[in-house]
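Take a look at the letters that make up each chain.
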Amino acid sequence: MRLLGVRHHGPGSARAVRAALDQYDPQVVLVEGPPEADAVVDIAADEGLRPPVALLAHATDEPARSAFWPFAEFSPEWVAIRWALKRGVPVRFIDLPASNSLATRGDWADAGPDEPAGAAPGEDAGPAHAGPAHAGTGDAETEDPVRIDPIAVLAEAAGYDDPERWWEDAVEHRGGAADGGDALAAFEAVAEAMEELRERYGDGGHPRDAVREAHMRLRLREARRAYDRTAVVCGAWHVPALAARTTVAADRASLKGLPKVKAEVTWVPWTHRRLSRDSGYGAGIDSPGWYRHLFGCEDRPVERWMTRVAGLLRAEDRQVSSAHVIEAVRLAETLAAMRGRPLAGLGETTDAVRAVMCEGSDVPLELIRERLVVGDEMGEVPDSAPAVPLARDLARQQRALRLKPEAADRELDLDLRKDTDAGRSRLLHRLRLLGVEWGAPTRSRTAGTGTFRETWRLSWEPELTVRVAEAGVWGTTVESAATAKAEDAAVTAVTLAEVTGLAEWCLLAGLPDALPTVMRVLADRAALDADVLQLAEALPALVRSVRYGDVRETDSGALREVAEGVAVRVCVGLPSACAGLDEDGAAGARPHLDAVHTAVGLLTRAGDELRERWAGTLHALAERYGGITGLIRGRAARLLLDDGLLDAERAARLMGLALSPGTEPRVAAAWVDGFLSGGGMLLLHDERLLGLVDAWLSSVPAEAFTDVLPLVRRTFAGFESGVRRGVGELVRRGTGTAGGSATAPGAAVGFGAGLDLARADAVLPTLRLLLGIAAPVPEGTAAPAPALAGAAAAATTHDDAGGPV
């Protein structure tokens, strides 16, 4: 028997395992993993199963109870599996069954993130590195167990402050591990080191390991009875426990009473990016792309790495020559020698790339890290792997629509007039309805987009496989599952807005069979809902649904009837609903007012009765002074003015009334906020409105100005910088102000009455220095006010609003 203790996802361990197996030539290979995977391990021999991949185990009745066991090309377990299958050697998994670990998930409070029981839905499972995660040191006799990282402890003992650097120096950069004898000797040395650690730290702060190791020993005994030569590939931390002498009865007693669930196991694609996350089986693999490079390079890894970096930078239009590559290699090797390392590691190559190829900038390094150090590699799984019917239907549609899952984020622009793009849109919307967030709608970077275009940001994460399995309870195809989910969501919806959102979703996703149920619930809720603001919140989604129905050639006549009915109820009830609202309530109602205005504009045409009714509602809101806050009245007036339903003369009259001296300053400020929010071009083109605002703001009493200032500042902060500057310039010149000229005749520009010339003289030396005035002012001679004012005006800066600072 040979116990090959490894570091999970370590390319050095993977090479050593391959060499050790070649020498030992076992009759059976045992691998750390769920025994349920024995049924699907033969699929690993299929060339269509391309790593990174993972074993996915989930509870049959509750797919959310799931765990992953990922494998990369450089994982020792993967190398052992492929070695055995290639030679016809049986492969068995010996870890605690997934049926037990999934049933007990969360029951063991001490289970770390590297354990299946502690994993959240879709989390990784299995120990990270050579054993438990969470670096730390401590004594096994302390009251609270200390979770240790064996690699960190060994690195500290060797005088290293970085466990990763020690591992690279001790294992990854040692070429002797490729030799069979050296490989076996290395495993014996690792086993001896782990035995010392287990004697000192016990279970390392993970009592649950005892249960897992008891099951491993039972499986190991079974294999040794059937075969003469047995090889075990497991985390190095477990080697002393597997070599310990225990009784069968004791191990079976440790497993007695464990809860069980029915579990299924299959292969799923994995990604390098997911391996780099600091959780679970892939914990701490910060540079899977670098590890893959080390594992695949037979010789000159630094030179080949620098060549890849240069190719990436050239593709990004950066000037990188062969001389850059040569100098970067030399610098990396020099840094390694200075730091006492056997070979340049990732740290040395990164420092060399930064200095030589990136000219000291860290910006290109982030690109190198994303594309090469981590990488966008995504595995593939053949059709022969078991899968739920919904997953198979999804894969079929992905192939038909040429929409391949990719790990890297990418933007997808769709033209809904094309059949393929329309099918892609329907698929993505259906998946979102099922909770499979493969794509998210986003704004397009290109101009000219309309209802016939959609833009999606796609990124496939391995956890989405679990979401597909969960969604399988709704149906066997994506369309049937989305239809059933939409019908159930409509019946169980709490608010009217949720139902209208579902109606829109059904049209976007092309689910005509779900629309009757959704429409029935929508009509009932709309007829019974007495909250006008909820109706206003629901109306925009309804109108969008009508428009999308027209674009996608879907019958939305019934939907239009419901939308028009809701719009009429909003027109009738909105003035009363807005009466008596406080400031917070008005702030919450304003977005609904804007949204309803836009929705009515989309739903109707000029001259339609509904549009005329809505205009009457806005007039009622704008002119009803009792009980309706200034924010709502001002916003209604602005909407009428923008649509040409209110002339400038009447708008000035409404503003004059709202800003009259008898109006409380905060109410007047709220009216201004509602009227001017969204754009201040009105003030540039209508001097009367600007004069009214200026006169009102100038007349605000000092004791109320502090309360008014935040509202006014928020209003003007929403203007574009050019508009703010223009308004400030008009005010400075006195144009449009109620008082005419802002500056009295003969007064110094920028100064008020009563200028103290003696005190002003103190600034003259500094002004001369700043402005480069050579002629000194004779001592004792006071500069005339116009000269001082001119100098001050020349030196004055202006803020965005055009006012002097």
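Here is what the cut-offs are and how they apply
- Residues numbered from 1 in each chain as written.
- Predicted model: local features only at pLDDT ≥ 70, side-chain atom pairs only at ≥ 80, totals over all residues.
- Heavy atoms only, no water.
- Helix = DSSP H or I, 4+ residues; strand = E, 2+ residues; numbered from the N terminus.
- Buried < 20%, exposed > 50% of the residue type's maximum accessible area, 1.4 Å probe, protein only.
- Contact = heavy atoms within 4.5 Å.
- Areas by Shrake-Rupley, 256 points an atom, 1.4 Å probe, with all protein chains shown as cover.
- Axes fitted to C-alpha atoms, helices over the stretch in contact; angles between N-to-C directions.
- Parallel < 35°, antiparallel > 145°, perpendicular 65-115°, else oblique.
- Nonpolar A, V, L, I, M, F, W, Y, C, P; charged D, E, K, R; others polar.
- Pairing = 2+ DSSP bridges.
- Lys, Arg positive; Asp, Glu negative; His and termini not counted.
- Salt bridge = Lys/Arg side-chain N within 4 Å of Asp/Glu carboxyl O.
- Left-handed = near helix turned anticlockwise from the far one by under 90°.
- Expected span 1.5 Å × (residues − 1).
- Bend = angle between axes of the 7 residues up to and from the residue.
- Core = buried A, V, L, I, M, F, W, Y, C linked by side-chain atoms within 4.5 Å.
- pLDDT = per-residue confidence, 0-100.
- Phe/Tyr/Trp six-rings, centres within 6.5 Å; stacked < 30°, edge-to-face > 60°.

Visitor: I'd like a rundown of the overall build of the protein chain, residues and numbers included.
Guide: A count of helices and strands for the protein chain gives 35 helices and 10 strands. When the 805 residues of the protein chain are sorted by exposure, 50% land in the buried category. Put simply, of all contacts in the protein chain between residues at least 6 apart along the chain, 74% involve residues at least 24 apart. Roughly 36600 Å² of accessible area belongs to the protein chain as shown, and the carbon and sulfur atoms make up 51% of that amount.

Visitor: Can you break down the packing of helix α27 (residues 648–658) against helix α28 (residues 665–676) residue by residue, with the values?
Guide: Axis separation between α27 and α28 bottoms out at 9 Å; the angle between their running directions is 150°. With respect to each other, α27 and α28 are oriented roughly antiparallel. For the pair α27 and α28, contact is made by L654, M655 and A658 and by A668, W671 and F675, respectively. Taken together, the residues that form the contact of α27 with α28 break down as six nonpolar, no polar and no charged.

Visitor: So what's going on with the environment of A503? Which residues, and what values?
Guide: Topologically, A503 is positioned in helix α20 (residues 496–509). Its relative accessible area of 0% is what places A503 among the buried residues. Separated by 15 residues in the primary sequence, A503 and V518 have C-alpha atoms spaced 6.2 Å apart. When near neighbours in sequence (up to four residues on either side) are disregarded, A503 contacts L515, V518, L522, S545 and L559.

Visitor: Please provide a residue-by-residue account of the pairing of strand β7 (residues 263–269), values included.
Guide: Across the seven residues that make up β7, a large majority, five, are buried. Sheet topology note: the strand β3 (residues 53–59)/β7 ladder contains seven bridges and is antiparallel. The residue bridging L56 from the neighbouring strand is T266, located in β7.

Visitor: Break down the side chain of R430 for me, citing the residues and quoting the values.
Guide: Assignment of secondary structure puts R430 in helix α17 (residues 419–433). E479 provides the closest opposite charge to the buried, unpaired R430, separated from it by 4.1 Å. Residue contacts for R430: discarding those within four places in its chain leaves V478, E479, A482, A509, G510 and L511.

Visitor: An account of the sheet that holds strand β5 (residues 91–93) is requested, with residue identities and associated values reported.
Guide: Read across the open sheet, the four strands follow the order β1-β6-β2-β5; overall the sheet is parallel. The open sheet terminates on both sides in strands that have one partner only, identified here as β1 (2–6) and β5. Adjacent strand axes in the sheet meet at a mean angle of 20° when their direction is disregarded. Relative to β5, strand β2 (residues 28–31) runs parallel, the two being bridged by three bridges. Along β5, the bridge assignment pairs V29 with V91. Helix-sheet contacts for helix α1 (residues 11–24) involve β1 and β6 (230–235), and the interaxial angle to β1 is about 170°.

Visitor: Please set out the packing of helix α7 (residues 209–226) against helix α9 (residues 248–255) residue by residue, giving values where relevant.
Guide: Their axes nearest at 9 Å, the elements α7 and α9 cross at an angle of 135°. Taken together, the axes of α7 and α9 lie oblique to each other. Relative to α9, α7 is oriented so that their crossing is left-handed. Judged by residue contacts, V211, A214, H215, R217, L218 and R221 of α7 engage V248, D251, R252, S254 and L255 from α9.

Visitor: Got a sec to walk through the sheet that holds strand β8 (residues 410–415)? Specific residues and values, please.
Guide: If you trace the three strands from one edge of the open sheet to the other, you get β8-β10-β9, paired in antiparallel fashion. Each edge of the open sheet carries a strand with a single partner, namely β8 and β9 (439–441). For this sheet, the mean angle separating the axes of adjacent strands, direction not counted, is 30°. In this sheet, strand β10 (residues 453–458) lies alongside β8 in antiparallel orientation, the contact comprising six bridges. The partner of D413 across the bridge, within β10, is T455. Here α17 sits on the sheet in contact with β8, β9 and β10, set at roughly 125° to β8.

Visitor: Please set out helix α24 (residues 583–603) residue by residue, giving values where relevant.
Guide: In a regular helix each residue adds 1.5 Å, so 21 residues correspond to 30 Å; α24 covers 30 Å between its end C-alpha atoms and thus fits that length. The sharpest bend along α24 reaches about 25° and sits at A589, with the proline P591 one to four residues further on.

Visitor: Lay out unusual backbone geometry with the relevant residues and their values.
Guide: P52 follows P51 through a cis peptide bond whose omega is 10°. Assignment of secondary structure puts P52 in the loop between β2 and β3. In the Ramachandran plot, H9 falls in the positive-phi region, its phi being about 65° despite a non-glycine side chain. Here H9 is to be found in the loop between β1 and α1. With a relative accessible area of 1%, H9 lands in the buried category.

Visitor: With reference to specific residues and values, describe the nonpolar core.
Guide: One finds L522, W614, L621, F675 and W696 to be the most contacted residues of the largest nonpolar core, which totals 109 residues. By residue number, the principal contributor to this core is helix α23 (residues 557–578), which donates nine residues. With near-sequence residues (within four places) excluded, W696 lies in contact with L659, P665, A668, A669, V672, V708 and V712.

Visitor: Describe the confidence of the model for the protein chain, naming the residues involved and giving the relevant values.
Guide: Taken as a whole, the protein chain shows an average pLDDT of 79; of its residues, 82% reach a score of 70 or greater. Contacts for the low-pLDDT stretch residues 106–145, under 50 throughout, to residues beyond four places or in other chains number 133 contacts. In the model, residues 176–181 has pLDDT below 50 throughout and makes 10 contacts with residues more than four positions away in sequence or in other chains.

Visitor: If you had to explain the packing of aromatic side chains to someone new, which residues and values would you point to?
Guide: Scanning the model with the defined rule gives eight aromatic pairs in all. Ring centres of W671 and F675 lie 4.9 Å apart, and the angle between their planes is 15°; this geometry places the pair in the stacked category. Pair noted here: W671 and F675 are both in helix α28, with a separation of four residues, about one helical turn. Across the pair, exposure class does not vary: W671 and F675 are buried alike. Taken together, the ring pairs connect F71, W78 and W267 into an aromatic cluster.

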